[in-house]
Amino acid sequence: MSDDRIHPAAGRGFEVSVEHYERGRPGYPDDAVTYLVRELGVGEGRDVLELGAGTGKFTELIVHTGARITTVEPVPAMRAALERNCPTVLVLDGTAEAIPAEDSAFDAVIAAAAFHWFDGARALPEIHRVLRPEGAL
C-alpha cells in the first residue's frame, strides 16, 4: 500500500492483517462505552464522527444509540471490513489530519483506540473544525 497519509508500516500491516486484527484486538469495556455515550451525548438525532474506526470494533457498540454515525478510516481493507461489520454507518476514506467533512458537522468526535496514530498538531485543529460549537471529543 502506498498511502503517504499514514506510516508505511502501519498501512501495510493493517492492509494485510484485517482478519487477525478483528480476532485479536480486544473489545471495549461496557462501562467505558456507556460513559462515552453519556458524556458525549451520543444518541438519537446526534451526528457522531469516529476517526480511525478500523474494522468497526467500537462502532458496532454505538450503532444501537440511534446516532447518525460517520466513520473515517485510511486503510482500504479496514474500510471494507467496517462496511461489512457496520452497514448502517457512513464510511469515508480519510485521516484525522484531513477529515472529509464540512465545518461544524458533528456533535461528537470519537477516536476509540486510534489517537496515538494522529499527528496531534494537525489533527486537533481539524477535529475542532468539524465539531459544532458545543461539541466534544
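Cut-offs and rules
Residues numbered from 1 in each chain as written. Predicted model: local features only at pLDDT ≥ 70, side-chain atom pairs only at ≥ 80, totals over all residues. Heavy atoms only, no water. Helix = DSSP H or I, 4+ residues; strand = E, 2+ residues; numbered from the N terminus. Buried < 20%, exposed > 50% of the residue type's maximum accessible area, 1.4 Å probe, protein only. Contact = heavy atoms within 4.5 Å. Core = buried A, V, L, I, M, F, W, Y, C linked by side-chain atoms within 4.5 Å. Patch = residues over 30% accessible without salt bridge, like charges linked within 9 Å, V, L, I, M, F, W, Y side chains within 5 Å. Areas by Shrake-Rupley, 256 points an atom, 1.4 Å probe, with all protein chains shown as cover. Salt bridge = Lys/Arg side-chain N within 4 Å of Asp/Glu carboxyl O. Pairing = 2+ DSSP bridges. Right-handed = clockwise from strand over helix to strand, strands pointing away. Arc of directions from axis to C-beta. Axes fitted to C-alpha atoms, helices over the stretch in contact; angles between N-to-C directions.

So, on to unusual backbone geometry. At Ser104, a position not held by glycine, the phi torsion is positive, near 55°. Within the element layout of this structure, Ser104 appears in the loop between strand E3 (90–92) and strand E4 (106–110). Exposure remark for Ser104: the relative accessible area of 36% places this residue in the partly exposed category.

A few words now on the environment of Ala114. Topologically, Ala114 is positioned in the loop between E4 and helix H6 (120–130). Spatially, the C-alpha atom of Ala114 lies 8.5 Å from that of Gly54, the residues being 60 residues apart in sequence. Those residues in contact with Ala114 that lie beyond four places of it in its chain are Leu51 and Gly52.

Counting 16 residues, the largest nonpolar core has Val42, Val48, Ile62 and Ile110 as its most contacted members. Elements with a minimum of two residues in this core: helix H3 (30–40) and E4. If one sorts the elements of this core by residue count, H3 sits on top with three residues. When neighbours within four sequence positions are excluded, Val48 is seen to be in contact with Val42, Ala67, Arg68, Ile69, Thr70, Phe106, Ala108 and Ile110.

What follows is about a nonpolar patch on the surface. A cluster of nonpolar side chains, contributed by Phe115, Leu124 and Leu137, occupies part of the molecular surface with about 270 Å² of accessible area. The partly exposed category is assigned to Leu124, whose relative accessible area is 42%.

Within strand E2 (residues 68–72), four of the five residues are buried, which leaves it mostly tucked inside the rest of the structure. As defined by bridge partners, strand E1 (residues 47–51) adjoins E2 across five bridges and the pair is classed as parallel. Its bridge partner being in E2, Val48 is matched across the sheet by Ile69. Pairing of E2 with E3, which is carried by three bridges, proceeds in the parallel orientation. Within E3, the position partnered with Thr70 by the bridge is Leu90. As a crossover connection, the stretch from E2 through helix H5 (residues 76–85) into E3 is right-handed.

Here H3 has its buried residues at Val33, Val37 and Leu40. Considered in projection along H3, the buried side chains sweep an arc of 90° and stay on one side of the axis. Facing away from the buried side of H3 by more than 90 degrees, the exposed set consists of Asp31 and Arg38. The inward-facing, buried residues of H3 abut helix H4 (59–62), E4 and strand E5 (131–136). Just downstream of H3 lies Gly41, where phi reads positive at about 70°.

The strand order E3-E2-E1-E4-E5 describes an open sheet built from five strands, whose pairing is parallel. Of all the strands in the sheet, just E3 and E5 have a single pairing partner and so form its edges. Going from strand to strand, the sheet's axes swing by 30° on average, the running direction of each strand aside. Strand direction decides the pairing type here: E4 and E5, joined by two bridges, are parallel.

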